[in-house]
Amino acid sequence: MSSAPNGLYQFPIVQAPMAGGASCPSLVAAVCEAGGLGFLAGGYKTADGMYQEIKQTRGLTRRPFGVNLFMPQTAYVDPAAVEAYRGQLAGEAAWYEISLAAEDIIGTCDDGYDAKLAILLEDPVPVVSFTFGCPSPAVLTRLREAGTYTVVTVTSVDEARAAQEAGADAVCVQGVEAGGHQGTHRDDPQTDGTAGVGLLALVAQVREAVALPIIAAGGLMRGSQIAALLAAGAEAAQLGTAFLACPESGAHPLHKAALTDPLFVRTELTRAFSGRPARGLVNRFMREHGPYAPAAYPQVHYLTAGLRKAAAAAGDPQGMALWAGQGHRLARTLPAGELVEVLAAELAEAQSTLKEMQTRRAS
């Protein structure tokens, strides 16, 4: 993406698709208008809900933008483990005065994938990315024929190779520093606590393993970090937490405030809120329930949805899923367009400094 295929962006700055409401049309449009590439999150929405956001975004900007889809989940989930976790959360339900009925754990495991894909094939957008797996070669071919640039999120060299073999146009290489869900293609609870590679090391490994353009993601908050990743072989950088604090972001105000609140000093990967490893600010809910959460996505996501909503309504960030990358303390509450401009200026300054250093060494 160094040459910005199809004119996708002016600056190699991609706003990450953040499911749950943060990546709303106003944020995406602001990023695009400033010269970056904004992404809508198709996850957790109905197919029509996704389409309505696409229409809203088109009404706000004529620049290219992307849509992210979650791949269907096919792994077996033990119903008994989910039921046991429901019992673990009984105290939370009582505290927030809500019920955790059995139907709370019933939800689709495909996130409406086929219906969303049909919409994106019938009325294409410039870019579509995928998380939690890699689409079939047939799907990627159909999207390419529709004029759509495809990106597959990967967390390892093997996943990057699989994306290349399937025919993806690019990979989004996600380091363990990234906030929100780890986009692993296979959720293996045996690797909890040991899985994950740092972004800089992972980009170098993937760069040598595949010929696809790389978008680097994970804990990036400053233009100088983007410069380092570009020097390591990435074509662009994807930032999520950095845009979470922007006024255009649809994130809850308590979530935005928590990013720089001294009360929240670190992040961890947890299954507490969704049943899949995801990085967030360590709060009471994560500490008390993380050790007991089963590998059961998206069932646990549906199970805790009411609790998370109740905590937000009560103004209690200790019961919310406060997704954030490791660089969260560097968050800036700038308008999204201004943030893109600041990042681009920092990137240019860092690249200029590097060039000057190289020139001195050469002389």
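Since the model is a prediction, treat every value here as computed from it, not as a measurement.

Trainee: Help me understand the overall build of the chain in this model?
Mentor: If you tally the helices and strands in the chain, you get 14 helices and eleven strands. Taken along its principal axes, the extent of the C-alpha atoms in the chain is 70 × 45 × 40 Å. Counting the 363 residues in the chain, one finds 56% classified as buried. Sequence-distant contacts, at least 24 apart, represent 69% of the contacts inside the chain between residues at least 6 apart.

Trainee: Where do I start with helix α3 (residues 79-88) in this structure?
Mentor: Listed in full, the buried residues belonging to α3 are V82, Y85 and R86. Buried residues along α3 cover an arc of 105° about the axis, so they all sit on one side. Residues A80 and A84 are exposed on α3 and point more than 90 degrees away from its buried face. Residues of α3 that are buried sit in contact with α4 (90-96), α12 (284-289) and α13 (299-313). A side-chain oxygen of the first residue of α3 lies 3.0 Å from the backbone nitrogen of A80; this N-cap is D78.

Trainee: Got a minute to help me understand the environment of R276 in this structure?
Mentor: The topology assignment puts R276 in the loop between β10 (267-270) and β11 (278-281). Distance in space between the C-alpha atoms of R276 and Y297 is 5.6 Å, their sequence separation being 21 residues. Not counting residues up to four positions away in its chain, the partners in contact with R276 are Q73, F132, H181, Q182, T184, H185, D187, T270, R271 and Y297.

Trainee: How do you make sense of the pairing of strand β3 (residues 66-70) when you look at a structure like this?
Mentor: Within a regular beta strand, the side chains point alternately toward one face of the sheet and then the other, so they alternate between its two faces. Taken across its five residues, β3 has five buried, putting it largely inside the fold. Side chains G66, N68 and F70 project from β3 onto one buried face, and the interleaved V67 and L69 project onto a second face that is buried too. Two elements, strand β2 (residues 39-41) and β3, share three bridges in a ladder whose sense is parallel. When the sheet's bridge partners are listed, L40 is paired in β3 with V67. For the crossover from β2 across helix α2 (residues 47-60) to β3, the handedness is right-handed. Sheet topology note: the β3/strand β4 (residues 127-131) ladder contains five bridges and is parallel. Across the sheet, the residue bridging to L69 is F130, located in β4.

Trainee: Any chance you could explain the pairing of β11 here in plain terms?
Mentor: Examined bridge by bridge, strand β7 (residues 180-181) and β11 share two bridges and lie antiparallel to one another. Paired with H181 across the bridge in β11 is A278. When β10 meets β11, the two strands line up antiparallel, connected through four bridges. Looking across to β11, one finds that E268 is bridged to G280.

Trainee: So what exactly am I meant to see when it comes to the sheet that holds β4 here?
Mentor: To summarise the sheet geometry, strands pair through backbone hydrogen bonds and adopt either a parallel or an antiparallel arrangement. If you walk across this open sheet you meet the eight strands as β1-β9-β8-β6-β5-β4-β3-β2, and the pairing is parallel. Pairing within the sheet leaves two strands with one partner each, and these edge strands are β1 (13-15) and β2. On average, adjacent strands in this sheet sit at an angle of 25° to one another, irrespective of strand direction. Examined bridge by bridge, β4 and strand β5 (residues 149-154) share four bridges and lie parallel to one another.

Trainee: Is there a simple way to explain the pattern of salt bridges in this structure?
Mentor: Side chains that differ in charge, positive against negative, can pair when their charged atoms come close. Under the counting rule described, the total for this entry stands at 14 salt bridges. Between D123 and R58 there is a salt bridge whose closest N-O contact spans 2.9 Å. In this pair, D123 sits in the loop between α5 (113-122) and β4 while R58 sits in helix α2, placing the two residues 65 residues apart along the sequence. Since its relative accessible area comes to 26%, D123 is described here as partly exposed. A relative accessible area of 30% means that R58 is categorised as partly exposed. The salt bridge partner of R284 is E288, with a shortest N-O separation of 3.3 Å. Here R284 and its partner E288 are both found in helix α12, four residues apart, which amounts to about one turn of the helix. For E288, a relative accessible area of 41% corresponds to the partly exposed category. Overlapping salt bridges, with partners in common, bring together E92, R284 and E288 in one network.

Trainee: What exactly am I supposed to notice about unusual backbone geometry here?
Mentor: Negative phi values dominate among residues other than glycine, just as trans dominates among peptide bonds. Cis rather than trans, the peptide bond between Y297 and P298 has omega equal to 10°. Note on placement: P298 falls in the loop between α12 and α13. Backbone geometry at Y44 places phi at a positive 70°, although glycine is not the residue there. Note on Y44: relative accessible area 28%, which makes it partly exposed.

Rules of the game
- Residues numbered from 1 in each chain as written.
- Predicted model: local features only at pLDDT ≥ 70, side-chain atom pairs only at ≥ 80, totals over all residues.
- Heavy atoms only, no water.
- Helix = DSSP H or I, 4+ residues; strand = E, 2+ residues; numbered from the N terminus.
- Buried < 20%, exposed > 50% of the residue type's maximum accessible area, 1.4 Å probe, protein only.
- Contact = heavy atoms within 4.5 Å.
- Arc of directions from axis to C-beta.
- Polar contact = N/O pair within 3.5 Å; in protein donor to acceptor, adjacent residues only side chain to side chain.
- Pairing = 2+ DSSP bridges.
- Right-handed = clockwise from strand over helix to strand, strands pointing away.
- Axes fitted to C-alpha atoms, helices over the stretch in contact; angles between N-to-C directions.
- Salt bridge = Lys/Arg side-chain N within 4 Å of Asp/Glu carboxyl O.

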